[in-house]
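# Fold and geometry: a report
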Amino acid sequence: MSDKNDDDAPPSSPTAGSASTENAGTDGKSPTSVDSPSVSPAPGATASTSSKLKSNSLKVDILLKPAGDAPIMKKKKWTVDRTKKISWVSDFIKKYIKSEASESLFLYVNQAFAPSPDTDIGSIFDCFGSDGKLVLHYCRTQAWG
Amino acid sequence: MINFRSLWFQVNITRGGRLTMADDREILREIWEGKVPVCFQLAQEEVYTGEQPDPFFLLVPRLSYFPLVTDKVLRHMMKHVDPEHHGEMWLEFDGQPLKWHYPIGVLFDLYGMSTDLPWKLTVHFQNFPEEELLRCSSKEVVQSHFISVVKEADALKHRGQVINSMQKKDHSTLWAGFMNDKFDQFWSVNKRLMENSGEKAFMFVPFRIYRADQIPVQKLFKPCADSGESLTLRHLLKTAVPELMETDALISSRVLIQGIEPPLDTPVCWLSEHLSYPDNFLHICLMPRVEVES
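Model, not experiment: these values are computed from the prediction.

### A short note on the overall build of chain A
Across its full length, chain A carries five helices and four strands. Starting at the N terminus, the α and β elements of chain A follow one another as α-α-α-β-β-α-β-α-β. For chain A, the residues scored as buried account for 41% of the 145 residues in total. For chain A, the computed accessible surface area is about 7500 Å², with 53% contributed by carbon and sulfur atoms.

### Some remarks on the domain arrangement of chain B
Frequently, the measure chosen for interface size is the accessible area removed from exposure when the parts meet. Residues and elements named next belong to chain B. Here chain B is described as being made up of domain 1 (35–124) and domain 2 (139–288). The partner domain 2 presents 24 residues to the 18 residues of domain 1 that form the contact. Both sides of the domain 1 and domain 2 interface together cover about 1800 Å² of buried area, and 71% of this is carbon and sulfur. Our count for the domain 1 to domain 2 interface comes out at one salt bridge. For Asp71, the salt bridge goes to Lys139, with nearest N and O atoms at 2.8 Å. Along the contact surface separating domain 1 from domain 2 lie four residue pairs in polar contact (both at pLDDT 80 or more). Looking at the side of domain 1 that touches domain 2, the elements with two or more residues in it are helix H3 (66–69) and helix H5 (104–112). The leading source of residues in the side of domain 1 that touches domain 2 is H5, at five residues. A per-class count over the side of domain 1 that touches domain 2 returns 11 nonpolar, four polar and three charged.

### A short note on the UniProt feature "domain: Autophagy protein ATG5 alpha-helical bundle region" (unreviewed entry) in chain B
Sites flagged by UniProt as "domain: Autophagy protein ATG5 alpha-helical bundle region" (unreviewed entry) map to residues 140–195 of chain B. The distance from the first to the last C-alpha atom of residues 140–195 of chain B is 27 Å, and the span holds 84% helix and 0% strand.

### Looking at empty space enclosed by the protein
Over the atoms rolls a probe the size of a water molecule, and in doing so it shows where empty space is left. Residues and elements named next belong to chain B. Applying the stated criterion across every chain, the model contains three cavities of 30 Å³ or more. By volume, the largest cavity is sized at about 80 Å³. What lines the largest cavity is a set of 13 residues, and nearest its centre among them are Ile31, Leu63, Trp187, Ser276 and Tyr277. Every element with two or more residues in the lining of the largest cavity is listed here: helix H2 (21–33), helix H9 (183–193) and helix H12 (268–275). For the lining of the largest cavity, the per-class residue count stands at nine nonpolar, three polar and one charged.

### Quick look at the interface of chain A and chain B
Of the residues lining the interface, 18 residues belong to chain A; the matching set on chain B comes to 16 residues. Carbon and sulfur atoms supply 57% of the area that chain A and chain B bury against each other, a total of about 1400 Å² over both sides. Per-residue buried area on chain A facing chain B is highest for Phe113, Asp118 and Cys127 of chain A; these three make up 32% of the total on that side. At the junction of chain A and chain B, the tally comes to one salt bridge. For Lys99 of chain B, the salt bridge goes to Asp118 of chain A, with nearest N and O atoms at 3.8 Å. Taken together, the connections running from chain A to chain B amount to two residue pairs in polar contact (both at pLDDT 80 or more). Per element, the largest residue contribution to the side of chain A that touches chain B is four residues, and it comes from helix H5 (residues 121–128) of chain A. Residue composition of the side of chain A that touches chain B, grouped by class: eight nonpolar, six polar and four charged.

### With respect to the nonpolar core
Counting residues in each nonpolar core, the largest one holds 83 residues, and the members touching the most others are Phe40, Phe66, Trp119, Ile209 and Ile284 of chain B. In terms of residues, this core owes the most to one element, H5 of chain B, which gives six residues. Judged by nonpolar contacts, the second largest core, of 31 residues, contains Ile97, Leu105, Leu136 and Tyr138 of chain A.

### Re the pattern of salt bridges
Residues and elements named next belong to chain B. Inspection of the entire model under this criterion finds 13 salt bridges over all chains. Among the ionic pairs, Arg135 bridges to Glu130, the shortest N-O distance being 2.4 Å. Arg135 gets classed as partly exposed once you look at its relative accessible area, which sits at 41%. Judged by relative accessible area, Glu130 falls into the partly exposed class, the value being 47%. Three or more residues are tied together by salt bridges with common partners; here these are Glu88, Glu130 and Arg135.

### Some details on the environment of Leu42 of chain B
All names here are of chain B. Considering the arrangement of structural elements, one finds Leu42 in strand S1 (residues 35–42). Leu42 gets classed as buried once you look at its relative accessible area, which sits at 3%. Separated by 65 residues in sequence, Leu42 and Leu107 place their C-alpha atoms 19 Å apart. Apart from the residues lying within four places of it in its own chain, the contact partners of Leu42 are Val47, Gln52, Pro53, Met77, His80, Val81, Thr122, Val123 and Phe125.

### Points about the packing of helix H8 (residues 168–179) of chain B against H9 of chain B
A pair of packed helices can be characterised by two numbers: the angle between their axes and the separation between those axes. Residues and elements named next belong to chain B. The contact between H8 and H9 brings their axes to 7 Å, and the two run at 125°. Here H9 runs oblique to H8, going by the angle between their axes. In this structure, H8 meets H9 at a crossing whose hand is left-handed. In this structure, H8 uses Asp170, Thr173, Leu174, Ala176, Gly177 and Phe178 to contact H9, whose residues at the interface are Gln185, Phe186, Ser188, Val189, Asn190, Arg192 and Leu193. For the contact of H8 with H9, the per-class residue count stands at six nonpolar, five polar and two charged.

Rules behind the numbers
- Every chain is numbered independently, its residues counted from 1 as its sequence is written.
- A letter from A marks each chain and a number from 1 marks each ligand, given out in the order of writing.
- Local features in this predicted model are restricted to residues of pLDDT 70 or higher, and side-chain atom pairs are both shown and tallied only at a pLDDT of 80 or more, whereas totals for entire chains, interfaces and linings draw on every residue.
- Calculated side-chain values reflect all of the structure's heavy atoms, with hydrogen atoms and water omitted.
- In this text, helices come from DSSP runs of H or I with a minimum length of four residues, and strands from runs of E with a minimum of two, each type numbered from the N-terminal end.
- For each residue, the accessible area found with a 1.4 Å probe, counting protein chains only, is set against the maximum for its type, and the residue is called buried under 20%, exposed over 50%, and partly exposed in between.
- All accessibility values rest on the Shrake-Rupley procedure with a 1.4 Å probe; residue burial counts only the protein chains present in the view.
- Domain delimitation in this document rests on an assignment produced automatically or drawn from a domain database.
- Between two residues, a contact is recorded if the distance between any of their heavy atoms is within 4.5 Å.
- Buried area: the sum, over both parts, of the accessible surface (1.4 Å probe) that disappears when the two are put together.
- Salt bridges are defined as contacts in which a side-chain nitrogen from Lys or Arg sits within 4 Å of a carboxyl oxygen from Asp or Glu.
- Between N or O atoms, a polar contact is any pair within 3.5 Å; within protein, one atom must be a potential hydrogen donor and the other a potential acceptor, and residues adjacent in sequence are included only when both atoms are from side chains.
- Each residue gets one of three labels, nonpolar for Ala, Val, Leu, Ile, Met, Phe, Trp, Tyr, Cys and Pro, charged for Asp, Glu, Lys and Arg, and polar for the others, Gly among them.
- UniProt positions are given in the numbering used here, feature names are shortened, and annotations may be inferred rather than shown by experiment.
- Site definitions follow a grid-based scheme: protein atoms alone, a 1 Å grid, a 1.4 Å probe that fits but cannot get out for cavities, and for pockets an open set with protein on both sides within 12 Å along at least five of seven lines, plus lining residues having an atom within 4 Å of a point.
- Grid points are joined across faces, edges and corners, and a volume is the space filled by probe spheres set on the points.
- Here, nonpolar core means buried Ala, Val, Leu, Ile, Met, Phe, Trp, Tyr and Cys residues that are tied together by side-chain atoms lying within 4.5 Å of each other.
- Here, axes are lines fitted to C-alpha atoms. For helices the fit covers the stretch in contact, and angles between N-to-C directions go from 0 to 180 degrees.
- Roughly parallel refers to an angle under 35 degrees, roughly antiparallel to one over 145, roughly perpendicular to one between 65 and 115, and oblique to any angle outside these ranges.
- Working rule for handedness: look at the near helix, and if it is turned counterclockwise from the far one by less than a right angle, call the crossing left-handed; if clockwise, right-handed.

Listed below in structure tokens is the structure:
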């Protein structure tokens, strides 16, 4: 268990190097490693705008919580690229909880609505994140609405 | 659409001129009745019967979603494809697969605005572009997407309090009204979601900005400044797509909502109440301005 560590430390560093964590895009790197390969500033961004971007602004913290009978994830807090889609997070959770790829998994924001799978995490974070993180509930059946 | 344009300029909303309830309703009606003429054609390489089937013409509501209006197209085209090798139907325009979960009007504003009418779409049953499109196995999938977006909108406007105070049957009434083109039935419920005064004043305006080949932009935007001043479409664009305002890009862009270009001084609240889609979001398309305007 590395919960204590996860809760205090700035998120991002996975403890166990399993195959699934490798996939989490940003994990494995310390929060200060800026040279994220999978994201690039918007084309046309001027030097001044990109220098304004703080190193971590291309990534956001998400907190994954189970609902219904979904298994708990040992590590709940992850740092992901803003450009990652909801479907990507859902696939990631499935792998982590060793759920079949064919099984359905629903992700909810505010315990209220399920964003469409092609929504980018960055937008949801901007609108529904609080205290610097975005809470997502996952469950195997439709829980809310 | 033409009618709406003239109506738009008749009602002088840019200077905050007050509209009567009747005017408001007329605008909501015009929006509700907006339609796009579409010509559906089976992809040449998927014709199995040796003969290209006739194209299928439909006048489809801007506010609807393709899976809700293409049953007849499906039945017509299915007779001409390989019965052994076909999957879910999907649509494409000029190489661009069309996302069923965007309202038709958004897809048209984004991709079809500068083409000749009817809008010529290609129907496919093979090679489903998994990377770009979501699956849609039934109308229930559309319904649950729709209700989810309505909930998201209310989370932004009223912290979800209005939608949560509703009963399941209200959700069903809303959906049935939308799906069966029953304006009054839909608005009997939607007016509560559009409540915008006193304690129910919008906290944030639900909006998404679309540009071809980019992921949509969605951010928090308050309809009023702290001073109480109503914020306008120009303010919204400045907040959501600042890069557009820094250069002269805005001059070369068209800002389309429901197929029209509202003046940038229009209060965002007014837009949200009148030009939102039934999912309660204001869907804004930014298009490069084409030179050939007449």
